[in-house]
Amino acid sequence: MTSSTSPEPDLLDLLVVGGGMGGIAAVHEAVAHGLSVRGLEGGSGLGGVWFWNRYPGARCDTESLDYSFSFSPELDQEWSWTERYPTQPELEDYLNHVVDRFDLRRHFQLETLVTELEWEEQALRWRVTTSRGMYLARHVTLATGMLHHRVLPDYPGMETFAGESFHTAAWPADLDLTGKRVAVVGTGSSGIQVVGPVAEVAAELHVFQRSANYIIPAQQGRLDPDEYAEVKRTYPERRKQLRHANGGGLWLSGTGRSALDDTPEQRELEYGRAWGKGGFHFLVTYDDLTTNQAANDTAGEFLRRKLPSLVGKPELLPLLTPKPDVSVGIKRIGVDVGFYAAFDHDHVHLVDARATPITGITPTGISTTDRDIDVDVIVYATGFDAFTGSINQITIRGTGGRLLTDAWADGPRTWHGMMVAGFPNLFMICGPGGPNITANVPALSELEARWISDLVVAVRAEGAHAVDADADEQERWTAQVEADARQTLYASHDTWFNGANVAGKARVYPTYTRGATRYYDLIEDLAAAGYPGLHRLAAVVPADARAS
Ligand SMILES: Cc1cc2nc3c(=O)[nH]c(=O)nc-3n(C[C@H](O)[C@H](O)[C@H](O)COP(=O)(O)OP(=O)(O)OC[C@H]3O[C@@H](n4cnc5c(N)ncnc54)[C@H](O)[C@@H]3O)c2cc1C
C-alpha cells in the first residue's frame, strides 16, 4: 500500500476484495499456490455476511454440516457445529477459526474500502484505490458478496425520525429492545428471522408486510451426536456426493420427478415428507417446481392448507396466506423459527402494507394511508441490491477506460460468471452469470477460488501476463444463461432475484440455472483444455527498451 506521495507499491500477484467466505477461500487458494496476495475488507472484521448481519435471529438457512469449507479433512474433524441451521455468531466464529487455523489473517487488511480499480494497459496491472491508500496488483478478485449492498426505502421524512432506525445488516451493538415499541419493515428472509426474537422482548411490535410469502418450519434443533459422528466419519464421501446432489451441491432430497406425474394422493405424501424434513427441502420435492407454474401451484396449494396449523389467530390467516401470484420458492422461501408463533402474542401486530402503504416517517413513528403508528425503533428488513450491487459501488475502468457500469448498463454480461470481456485479470467469486444462489456457496467459492489461482499460475507459466475473455464467447454465455433463466419462473416474477427490488435496475435473473454440478464440470473442463476463450496478453515492451 502507498499514499499518493509515496513511491509505487510492490506489485501483488492477486488482490482480493472482500473478507467473507469468498474472500477467505480466494486468499487461502492464493497462498496455497504461492502467490503474493492481499485481502482488503471494508468492515472491521472478517466473515462477510456473517460479520455484518448481527440482528437477533440471524441464521443460515442452509444446514451447517454442508455450509462449510471442504478443503481440509482436518478442519471437518476439528470443528463441531451445534445446531442444524447455524446462527450468525457460530458462523462468524467458524470463519474466524478457519482464518486463524490456516494463518490467513496476516494477508487481510480490515477497514479498507476499495473505491476504484483502473486497468493499466501498458503495464498489464490493476491500480487499486482504497480508503487507505493505493495498491498495484496483476490480478484482482472481487469477492464483494451477492447480498451485501443494502437497500433502504426512500420514505419521506426518514431523516426526521427521533428514535433509532437501521437496516438489519447494520444492527447497532448493545441495542436493547426490552420494553421498546418496535417496527419491522419487510418480511423477506431477514424480516422473518428477526421478528421472533424481537417479539420476545419488545413492548409492542408492528410488522409491516407488503406480501405474504411461503414460509416453511425449519425443524431447527441441536445436532444428534451419533448422527454427527457418522457424518464426520464419512465426510470426504459426503463432500463428493454433495457436488452432485440435486445438481446444485445442496444436500437436499427430492423425488426426481415432475409434480404433475404423481397423483394428488402421491403428491400429498411427498409434500408431507418434505415438509417434515423442514426448510429448503420442500423446494426440491419435484424437479419442476421452479420451472412449471402448474407444478408449482400444487406445492402452493399444499402449503396454504398447512398454514392454519402454524398460525394461532385465525383472523390473521387471510393476511399471512400468500396470494395466488406468489409462487413457492420464487420469492426466496422463508425458513421459520418463530415468525408465525410471534403473532400469537397480543403485543405483536401485522400491518398490511399493501392495502395501507407506508406514506412517510415522522419524528415519532410511521404513517400509513390508514393511521400513524408511534414507535421507538424502526428496523428496515428491506434486503439487498443482489449480485451486482456491491460490484457497482466500485468505479471499475477496464481496457480503453471503459466503465464496468456502462458495460453492464442492460444487466451483467460475464464469461462463465467469473470474468468480463475488456476487464483483463479481473475475476469474480459467486458472480452474476454463474450458479450463485443455486449453489452451495462454500463449495462454489472454493472451486472458483481454486480455478482462479490455477489460471494465474498456468498463464504465468506460458509467459503471458494477462488474460481477457473473448467478447463473442461472453455474449454466447450470457445469452444462454438469460435464455435458460427465462425458462424458469424466477425470471417472470418480480423479486430481488431479478432486480425488481431496486429502482431502475435492469430486470434480469443473472444465474446459471443448469445446475452447479454442470457448472463445476464445465469450468474444470475449460481449465483442463488450457482455458479456451481467454486471450493471452503480454506486456508491451517500450521501444527504447527492446534489444538493439
Ligand atoms: C442475511 C443473509 C442470509 C443468508 N443466508 C444464506 C443461506 O442460508 N444459505 C446460503 O447459501 N447463502 C446465504 N446467504 C448468501 C451469502 O451471501 C453467502 O452464503 C455467502 O455468505 C457469501 O459470501 P461472500 O464472501 O461471497 O460475500 P459476503 O459474505 O457478502 O462478503 C463480502 C465482503 O466484501 C466486503 N466488501 C464489499 N465491497 C467491498 C469494497 N468495495 N471494499 C472492501 N470490502 C468490500 C464486504 O464488507 C463483505 O464483508 C445469506 C445472505 C444474507 C445477507
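Once a new chain begins, its residue numbering starts again from 1 and follows that chain's sequence as written. For this predicted model, a pLDDT threshold of at least 70 governs which residues receive local features, and a threshold of 80 or more governs which side-chain atom pairs are given and counted, while totals over whole chains, interfaces and linings are taken from all residues. For side-chain calculations, the full set of non-hydrogen atoms in the structure is used, while hydrogens and water are omitted.

(A) Up close: the pairing of strand S4 (residues 114-120). Pairing between S4 and strand S5 (residues 125-130): six bridges, direction antiparallel. Looking at S5, one finds that Glu 116 is bridged to Thr 129. Only strands joined by at least two bridges in the DSSP assignment are considered to pair. In this description a helix means any DSSP run of H or I spanning at least four residues, a strand means any run of E spanning at least two, and both kinds are numbered starting from the N terminus. The loop that links S4 with its antiparallel partner S5 comprises four residues; one of these, Leu 124, has a positive phi angle of about 55°. Alignment of S4 against strand S17 (residues 395-397), held across three bridges, turns out to be parallel.

(B) Local environment of helix H5 (residues 189-201). Of all bends in H5, the biggest is about 30°, found at Val 195, and the proline Pro 197 comes one to four residues later. Working definition: with a 1.4 Å probe on protein chains only, accessible area under 20% of the residue-type maximum means buried, over 50% means exposed, and in between means partly exposed. Among the residues of H5, those classed as buried are Ser 190, Gly 191, Ile 192, Gln 193, Val 194, Val 195, Gly 196, Val 198 and Ala 199. Contacts are assigned to residue pairs that have any heavy atoms within 4.5 Å of one another. Where H5 is buried, its residues meet strand S8 (181-185), strand S9 (204-209), strand S10 (215-217), strand S11 (334-336), helix H11 (339-342) and strand S12 (348-352). Consider a residue and the seven residues that end there alongside the seven that start there; fitting an axis to each set, the bend is the angle between those axes.

(C) Inspection of the sheet that holds strand S15 (residues 372-374) at higher detail. Read from one edge of the open sheet, three strands run S13-S14-S15, paired in antiparallel fashion. Both edges of this open sheet fall to strand S13 (358-362) and S15, since each of them pairs with a single strand only. Each strand of the sheet is rotated relative to its neighbour by a mean of 20°, with strand direction disregarded. Of the pairings in the sheet, the one linking strand S14 (residues 365-368) to S15 comprises three bridges and is antiparallel in character. By the bridge assignment, Gly 365 is partnered in S15 with Asp 374. In this analysis an axis means a line fitted to C-alpha atoms, helices contributing only their contacting stretch, and an angle means the value between N-to-C directions, from 0 to 180 degrees.

(D) Expanded view of the confidence of the model for the chain. What pLDDT reports is the predictor's confidence in each residue, on a scale of 0 through 100. Taken residue by residue, the chain gives an average pLDDT of 94. The fraction at 70 or more is 96%. With pTM at 0.96, the complex prediction returns an ipTM value of 0.99.

(E) Structural view of the pattern of salt bridges. The term salt bridge refers to a side-chain nitrogen of Lys or Arg lying within 4 Å of a carboxyl oxygen of Asp or Glu. Under the counting rule described, the total for this entry stands at 36 salt bridges. For Glu 111, the salt bridge identified is with Arg 132, shortest N-O distance 3.7 Å. Of the two residues, Glu 111 sits in the loop between strand S3 (108-109) and S4 while Arg 132 sits in the loop between S5 and strand S6 (133-142), which places them 21 residues apart along the sequence. The exposure class of Glu 111 is partly exposed, given its relative accessible area of 44%. Residue Arg 132 is classed as partly exposed on the basis of its relative accessible area of 40%. The residue Asp 262 makes a salt bridge to Arg 257 at a minimum N-O spacing of 2.7 Å. Arg 257 sits in the partly exposed class, given a relative accessible area of 31%.

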